[in-house]
Amino acid sequence: MGVGKSTVGRLLAERLGTGFRDTDEDIVAAEGRTIADIFVEEGEPAFRAIEKQAVHRAVTGHEGVLALGGGAVLDADTRALLAGHRVVYLSMDVEEAVRRTGLNVARPLLAVNPRKQWRELMEARRHLYEEIATAVVATDGRTPEEVTRAALDALELKTALPGGQPPAPRPEDLMASGVTKIQVAGSAGTDPYEVLVGRQLLGELAGLIGTKAKRVAVIHPEALAETGDALRADLAEQGFEAVAVQVPNAEEAKTAEVAAYCWKALGQSGFTRTDVIVGVGGGATTDLAGFVAATWLRGVRWIAIPTTVLAMVDAAVGGKTGINTAEGKNLVGAFHPPAGVLCDLAALDSLPVNDYVSGLAEVIKAGFIADPVILDLIESDPEAARTPAGPHTAELIERSIRVKAEVVSSDLKESGLREILNYGHTLGHAIEKNERYKWRHGAAVAVGMHFAAELARLAGRLDDATADRHRTVLEAVGLPLHYRYDQWPKLLETMKVDKKSRGDLLRFIVLDGLAKPTVMEGPDPAVLLAAYGEVGQ
């Protein structure tokens with residue numbers, strides 16, 4: 001897994017002027033479900049039987065380059081069938097394997113220790129690989145182009161292309177192996193850091209932790225207990241003194257009591273200023289982990305591994321950390337940017353649809369305040385936007401992160417421009433508090449954006465088309481537009497203690513036009529009520 005069989009196989013076929021086939025792709029097409037689903041639903045023996053048939057059909061019916069799944073050679077009949085064919089074994093060492101395959105598994109992200117799993121697989125398979133191989137080609141530190149050339153040389157095959165010049169790599173191959181790095185500039189005495197978006201990112205974690213750290217604390221929610229423990233074990237195997245700190249799920253983690261529990265764990269572990277906290281989970285977990293890092297010894301380094309859309313595009317970027325109190329959300333906190341953020345898109349593959357859609361509210365927000373291309377992509381296929389399998393998932397997340405990265409790079413502590421990121425949040429946070437944080441954050445923000453659009457429209461600041469677009473985009477992906485009308489007095493009182501308020505002066509982020517956010521201070525109470533009249537039901 002992760003050695004690059006499909007990418008190299010396609011390149012090799014192109015050099016030889018022949019066709020390419022992948023038995024894993026054959027299986028998915030024939031079964032109408034992913035290989036992971038087959039494993040979960042029927043078990044490995046059933047998959048191996050399906051794989052054996054697929055391999056035999058492909059070997060006997062295909063004349064070009066064929067990529068086989070890593071476990072195909074476990075079957076003796078398959079090994080016998082491969083005798084007499086040119087077989088290339090693409091090898092890699094454990095560090096390369098972990099770097100490439102890291103978090104690329106279904107949720108929980110790290111159901112097993114990747115190094116241990118990889119070593120066990122190789123101990124069982126390496127002799128079989130070497131037994132049937134015509135040539136062994138090492139892939140460590142090599143690009144797919146370099147591996148392809150090495151395979152051609154090892155097999156003494158000549159390219160079929162004039163002059164032996166390789167064609168440009170296909171865009172889909174680049175996307176499959178590429179990692180996007182988004183720079184967040186340092187400000188107010190903080191260091192710059194990178195947000196990495198892609199797949200197979202676990203190999204980047206040790207580099208972010210650095211060589212000065214002796215201890216690592218992995219803060220994770222109860223729902224990711226296996227993930228947290230596996231990540232702790234993996235870090236321990238790399239030589240760190242690692243401890244997993246389990247906290248409650250979602251907003252229940254963001255309390256002073258839970259923060260104190262984390263501080264106690266750090267104290268008992270002997271955490272020093274050179275040690276590192278890793279927060280893995282959704283937005284609530286990364287908020288808490290960042291806050292604990294900001295307050296322990298007046299600030300230690302921390303790394304975010306967000307596992308939800310919301311956490312990737314919002315909570316894990318920008319350094320705003322905090323916990324809730326009985327009086328409101330995020331009223332206690334600190335600005336403490338992470339040392340790095342790993343957004344592994346594989347974490348989204350099995351995210352429940354309601355959680356995924358909730359995160360889209362922050363993506364849509366970024367579209368309205370700064371990048372309308374986001375709205376165009378969602379409107380082109382709203383149903384596809386509701387799933388991580390959609391064609392624009394990576395681009396939507398990357399664009400949203402870039403919006404926030406650009407804003408926080410110029411205004412870390414929300415003294416000006418950064419306030420625009422709170423579009424829809426003033427009413428949204430009030431709804432969350434009113435619902436005792438049982439509503440998903442994205443659902444509340446969606447209602448808040450609808451309210452902000454109607455407020456700007458009634459104030460004569462926003463055109464009808466853009467205001468109406470809020471309704472159509474949010475509704476198209478399944479986000480709510482309305483909240484209980486009779487709750488307005490309570491919501492109004494809650495908004496008065498919102499972080500954006502100044503004294504008794506209510507302040508809202510509104511739009512003067514698409515991608516033209518601004519602040520509205522002290523709006524007429526009658527206009528506020530009228531705007532809520534469009535939202536309440």
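Going by the structure above, here's the rest.
Now for a quick tour of the structure. As the structure is a prediction and not an experimental result, all values here were calculated from the model. (Residues numbered from 1 in each chain as written. Predicted model: local features only at pLDDT ≥ 70, side-chain atom pairs only at ≥ 80, totals over all residues. Heavy atoms only, no water.)

Some remarks on helix α8 (residues 144-155)
Let me state the cut-off plainly: Labels follow the DSSP assignment, with helices taken as runs of H or I lasting at least four residues and strands as runs of E lasting at least two, numbered in each case from the N terminus. Working rule for helices: expected span equals 1.5 Å times residues minus one. The buried label goes to any residue with under 20% of its type's maximum accessible area, the exposed label to any with over 50%, and the partly exposed label to all in between, with areas taken from a 1.4 Å probe on protein chains only. Whether two residues are in contact is decided by their heavy atoms, any of which lying within 4.5 Å being enough.
For α8, spanning 12 residues, the distance from its first C-alpha to its last is 16 Å, which sits close to the expected 16 Å at 1.5 Å a residue. Buried within α8 are the following residues: V147, T148, A150, A151, L152 and L155. Looking at the buried positions of α8, the neighbouring elements they touch are α1 (5-16), β3 (88-91) and β4 (135-138). Once α8 finishes, E156 follows within two positions and takes phi at roughly 55 degrees, a positive value.

Some details on the environment of D371
By the secondary structure assignment, D371 is in the loop between α15 (353-369) and α16 (373-380). On a C-alpha basis, the gap between D371 and R402 in space is 9.5 Å, while along the polypeptide they are 31 residues apart. For D371, the residues in contact, after removing those within four places along its chain, are A366, R399 and V403.

Section: the pairing of strand β10 (residues 301-306)
The condition that has to hold: In short, DSSP must find at least two bridges between two strands for them to pair. Handedness of a crossover is defined as follows: orient the strands so they point away from the viewer, and if the path from the first strand over the helix to the second runs clockwise, the crossover is right-handed.
When you tally the buried positions in β10, you get 5 out of 6 residues, the bulk of the element. Where strand β9 (residues 276-281) and β10 come together, 6 bridges link them in parallel fashion. Its bridge partner being in β10, G279 is matched across the sheet by A304. In this fold, the crossover linking β9 to β10 by way of helix α13 (residues 283-295) has right-handed handedness. Of the strand pairs in this sheet, β10 and strand β13 (residues 340-344) are connected by 2 bridges, and their pairing is parallel. Among the inter-strand pairings, A304 is bridged to a residue of β13, identified as V341.

A look at unusual backbone geometry
Phi is positive for L297, which is not a glycine, with a value near 55 degrees. Here L297 is to be found in the loop between α13 and β10. Classification of L297 as partly exposed rests on a relative accessible area of 36%.

So, the packing of aromatic side chains
Heads up, the rule is: Aromatic contacts are taken between Phe, Tyr and Trp rings whose centres are within 6.5 Å, Trp giving its six-membered ring; a plane angle under 30 degrees counts as stacked, one over 60 as edge-to-face, and the others as tilted.
Applying the stated rule across the entire model yields 9 aromatic pairs. Each ring, one from F39 and one from F47, has its centre 4.9 Å from the other, and the planes form 35 degrees; the classification is tilted. Accessibility expressed as a relative area gives 30% for F39, which makes it partly exposed. F47 sits in the buried class, given a relative accessible area of 3%. With a centroid separation of 6.0 Å and 45 degrees between ring planes, the pair formed by F451 and W488 is classed as tilted. Here W488 lies in helix α22 (residues 488-495) and F451 lies in helix α20 (residues 441-458), a separation of 37 residues in the sequence.

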